[in-house]
Amino acid sequence: DWDFNYKRYDVPQAEKDRHKYQTEPYWSPVMAGGLFAIHKDFFWELGGYDRGLEVWGAEQYEISFKAWMCGGEVLFVPCSRVGHIYKVHVPGFKGVNEPVPGPSAPWTRGASWGDLNHMRVAEVWMDEYKEDFYISKPNLVGKNFGDVSQMKEIRRQCNADPERNSFRWFMEHVAYDLPKHY
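What you see is a predicted model, and the numbers here were worked out from it, not measured in a lab.

> I'm lost on the state of the cysteines in this one. Help?
As used in these notes, a disulfide is a covalent bond between sulfur atoms, one from each of two cysteines. Taken as a whole and judged by the stated rule, the model has one disulfide. Note on cysteine connectivity: Cys70 is disulfide-linked to Cys158, with sulfurs 2.3 Å apart. Handedness of the Cys70-Cys158 disulfide follows from its S-S torsion of about -80 degrees: it is left-handed. Here Cys158 lies in the loop between helix H6 (149-157) and helix H7 (167-174) and Cys70 lies in the loop between helix H3 (59-69) and strand E2 (75-76), a separation of 88 residues in the sequence. Cys70 sits in the buried class, given a relative accessible area of 1%. Assessed through its relative accessible area of 12%, Cys158 is described here as buried.

> Looking at this model, I keep getting lost on unusual backbone geometry. Mind explaining?
Trans peptide bonds make up the majority, and among non-glycine residues the majority have a negative phi. Phi is positive for Ala58, close to 90 degrees, though the residue is something other than glycine. As for its placement among the helices and strands, Ala58 is situated in the loop between helix H2 (40-45) and H3. Exposure remark for Ala58: the relative accessible area of 1% places this residue in the buried category. One non-glycine residue with positive phi stands out, namely Asp127, at about 45 degrees. Positionally, Asp127 belongs in the loop between helix H4 (113-125) and helix H5 (130-136).

> Before we go on, may I ask you to explain the environment of Val141 in this structure?
With respect to the helices and strands, Val141 occurs in the loop between H5 and H6. Looking at Val141, the relative accessible area reads 56%, which means it is exposed. Expressed as a C-alpha distance, the spacing of Val141 and Met119, which sit 22 residues apart in the sequence, is 9.4 Å.

> Help me understand the pattern of salt bridges in this model?
Once their charged atoms are close, side chains differing in charge can pair, the charge on each being opposite to the other. Following the criterion strictly, the structure yields nine salt bridges and no others. Two residues, Arg120 and Asp50, come together in a salt bridge whose shortest N-O distance is 2.9 Å. Here the residue Arg120 occupies a position in helix H4, and Asp50 occupies one in the loop between H2 and H3, the gap between them amounting to 70 residues. The residues Arg120 and Asp50 share a single accessibility class, namely buried. Overlapping salt bridges, with partners in common, bring together Glu128, Arg168 and Glu172 in one network.

> Quick question: what am I supposed to make of the packing of aromatic side chains here?
Describing an aromatic ring pair means giving the distance of the ring centres and the angle of the ring planes. Tallying each qualifying case throughout the model produces 10 aromatic pairs. Here Phe65 and Phe170 contribute two aromatic rings whose centre-to-centre distance is 5.1 Å and whose plane-to-plane angle is 70 degrees, an arrangement assigned as edge-to-face. Within this pair, whereas Phe65 is found in helix H3, its partner Phe170 is found in helix H7, the two being separated by 105 residues in sequence. By relative accessible area, which is 4% here, Phe65 ends up buried.

> Is there a simple way to think about the nonpolar core in this case?
Grouped burial of nonpolar side chains is what soluble globular proteins tend to show. With 39 residues, the main nonpolar core has Phe4, Phe65, Val121, Phe167 and Phe170 as its most contacted residues. At the level of secondary structure, the elements contributing two or more residues to this core comprise H3, H4, H5, H6 and H7. Ignoring any residue separated from it by four or fewer positions in sequence, one finds Phe65 in contact with Phe4, Val30, Val121, Trp125, Met126, Phe167 and Phe170.

> Which parts of the structure should I look at to understand the environment of Val55?
Positionally, Val55 belongs in the loop between H2 and H3. Here Val55 falls in the partly exposed class, since its relative accessible area comes to 44%. Each C-alpha atom, one on Val55 and one on Asn117, is 9.1 Å from the other, the two residues being 62 residues apart in sequence.

> In this structure, what is going on with H4? I would like to understand it.
Since the α-helix advances by 3.6 residues per turn, residues separated by three or four positions end up pointing in the same direction. The terminal C-alpha atoms of H4, which comprises 13 residues, lie 18 Å apart, in line with the 18 Å expected from a rise of 1.5 Å per residue. Looking one or two places after H4, you find Asp127, whose phi comes out positive at around 45 degrees.

About the cut-offs
- Position numbers for residues count from 1 along each chain, tracking the sequence in the order it is written.
- Where totals are concerned, whole chains, interfaces and linings use all residues; where local detail is concerned, this predicted model gives features only for residues with pLDDT of at least 70, and gives and counts side-chain atom pairs only at 80 or more.
- Values shown for side chains rest on all heavy atoms present in the structure; no hydrogens or waters enter the calculation.
- What counts as a disulfide here is a pair of cysteine sulfur atoms lying within 2.5 Å.
- Under the DSSP-based scheme used, a helix requires at least four consecutive residues in state H or I and a strand at least two consecutive residues in state E, with every element numbered from the N terminus.
- Here's how the labels work: a residue is buried when its accessible area is under 20% of the maximum for its type, exposed when over 50%, partly exposed in between, all with a 1.4 Å probe on protein chains only.
- By convention in these notes, a salt bridge is any Lys or Arg side-chain nitrogen within 4 Å of a carboxyl oxygen on Asp or Glu.
- Pairing of aromatic side chains here covers Phe, Tyr and the six-membered ring of Trp, requires ring centres within 6.5 Å, and sorts the geometry by plane angle: under 30 degrees stacked, over 60 edge-to-face, intermediate tilted.
- In this text, buried Ala, Val, Leu, Ile, Met, Phe, Trp, Tyr and Cys residues form a nonpolar core when linked through side-chain atoms within 4.5 Å.
- Pairs of residues are marked as contacts when any of their non-hydrogen atoms sit within 4.5 Å.
- Residue count minus one, scaled by 1.5 Å, sets the expected span of a helix.

The structure is reproduced here in structure tokens:
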């Protein structure tokens, strides 16, 4: 959704119709950031994760938008088995929705770690759709999210055709079913 709350919905009928068997991999607009496999050369071609993302949160959107808009695909593989080890305690970190400590990131006063990360993703990847994000989070309008020039350059240089390198293309061809949920 426009608040960047990660949700999984049923596979759209149009996607089901593309496959003979339910066990075949299918397109997914977004995949959880720590639960995916990617060829390392493609990961680094995409610039890896945005080094400006703090702690965790929003990486699933960043890597998914980046993959789709730079010529790749995100596939959900129904018969795969994935293990996830969650670090229960990170020293000094109280949660993704906690305010960013002033001394470590003075430009983010009043924003949480999650807010900062989501703002960065919206600014780099969502084009005019970032306005929907800010409508849902008006308290973030005008907050400084740090320098994203390196990530914008990676997007500019990625080897996708110009039409595919737009969030409008992503919404119309990949996440076409999401507007009916919001």
